[in-house]
Amino acid sequence: MLSNFFRPITPATSVDGPLLCRAAQRGEFNDAIKLILSTNNRPASDAQVVDFLRYAVHRDINLNDLWLALRDGRLVWAALPVVNPGRTMLLLMPDEPPTTDSPAAVALLNAVCDHFGGRGITLAQALLEPGATVADLLATQAGFLPLAELIYLQADIRRVPTAAQVGIHWRTYSSAAHDLFARTILQTYADSLDCPALNGLRDIEDIIVGHKGPGAFRPDLWLLATDDTGTPLGVLLLAQIADGDTLELVYLGVVPAARGRGIAQAMMREAMAIGRSLQATRLTLAVDSRNTPALRLYYGHGLQRFASKVALIRDLRRPASVTAPALSTPLAEPV
């Protein structure tokens, strides 16, 4: 049992006493992770911690980035920043704030954002369960913007017919095609539902690095669709998950001039055909719950909902007190 190796921390029950926010020490990992994985204000079990540690090793998550808030030496709050390519980080934290010490949670989040912002991270993200009360805390007191409720979809692709595309040609990613991919990705953002409030917050090179992800990037799974003249129509970015059974649709975008011509439909058929060629059994993706056109596309290809998360974001180059207004157009997959 992990508790036999890690020093336990007694949770705080009062807001009295000095507050200290700092990086966790190794003997504090167990209780901090139990708090981060807690549900309904109940800490995770040792078995759940072991499972998470296996996942962390598999995904190359650095546990030395774990931070704690201690009130008079007692554990109040914890957050694990997962630094990703493209100068972003995902904050893993409990879905519920401390019942009596929300200021400690806000102080910890601000300290973490300040620390990693100083290390060159530009954007902090959080994905929380729908209805999680900490989401309001992030948005109202810690400088985060609510973006969207993301719906996670999946489909069994083993019985999907082989794709037969007419008038579409596919070019795979390479260093020689990098600039063309970059320009086309930027074009797909124009007049799309892909969270226009984020435009300009990230350089296209950071976007591309972020799409490549922390795992094994395969250039043959990044496709640029063109017409017979070589004019770009859109991009289809895929990734095979380490287990080999899952193909992830990382990004699908169509340039404005090609919309309404069935290009997105063709891209979905191509994605499923590629999945079958890789002997993957399912295709997964995430989409904004308010993006009706994208949902119609994905549901039409047999994808079904299996989870959802509320997404929030904070620009670490701005002071925490500067909070932008709520977004009128949510994060979405342009199609």
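The structure we're discussing is the one just above.
Residues numbered from 1 in each chain as written. Predicted model: local features only at pLDDT ≥ 70, side-chain atom pairs only at ≥ 80, totals over all residues. Heavy atoms only, no water.

A. Quick look at the packing of helix 3 (residues 102-117) against helix 4 (residues 134-141). Running from amino to carboxyl end, helix 3 crosses helix 4 at an angle of 60°, the nearest separation of the two axes being 11 Å. Between helix 3 and helix 4, the interaxial angle falls into the category oblique. Here helix 3 and helix 4 pass one another in a crossing that is right-handed. Of helix 4, the residues touching helix 3 (which contributes S102, A105, V106, L109 and N110) are L137, L138 and Q141. In terms of residue class, the contact of helix 3 with helix 4 is built from 5 nonpolar, 3 polar and no charged. (Axes fitted to C-alpha atoms, helices over the stretch in contact; angles between N-to-C directions. Helix = DSSP H or I, 4+ residues; strand = E, 2+ residues; numbered from the N terminus. Parallel < 35°, antiparallel > 145°, perpendicular 65-115°, else oblique. Left-handed = near helix turned anticlockwise from the far one by under 90°. Contact = heavy atoms within 4.5 Å. Nonpolar A, V, L, I, M, F, W, Y, C, P; charged D, E, K, R; others polar.)

B. Structural view of unusual backbone geometry. Positive phi values are uncommon outside glycine, yet D72 reaches one of about 55°. Locating D72 in the fold gives a position in the loop between strand 2 (67-71) and strand 3 (74-84). Non-glycine residue R87 carries a positive phi angle of around 60°. Within the secondary structure, R87 is located in the loop between strand 3 and strand 4 (88-92). Judged by its relative accessible area of 39%, R87 falls in the partly exposed class. (Buried < 20%, exposed > 50% of the residue type's maximum accessible area, 1.4 Å probe, protein only.)

C. Layout of the sheet that holds strand 4. With mixed pairing, 12 strands are arranged side by side in an open sheet as 1-2-3-4-5-12-6-11-10-9-8-7. Of all strands in the sheet, those with a lone pairing partner are strand 1 (19-23) and strand 7 (169-172), marking the two edges. Across this sheet, the average inter-strand angle for adjacent strands is 25°, counted without regard to direction. Pairing of strand 4 with strand 5 (residues 123-128), which is carried by 4 bridges, proceeds in the parallel orientation. (Pairing = 2+ DSSP bridges.)

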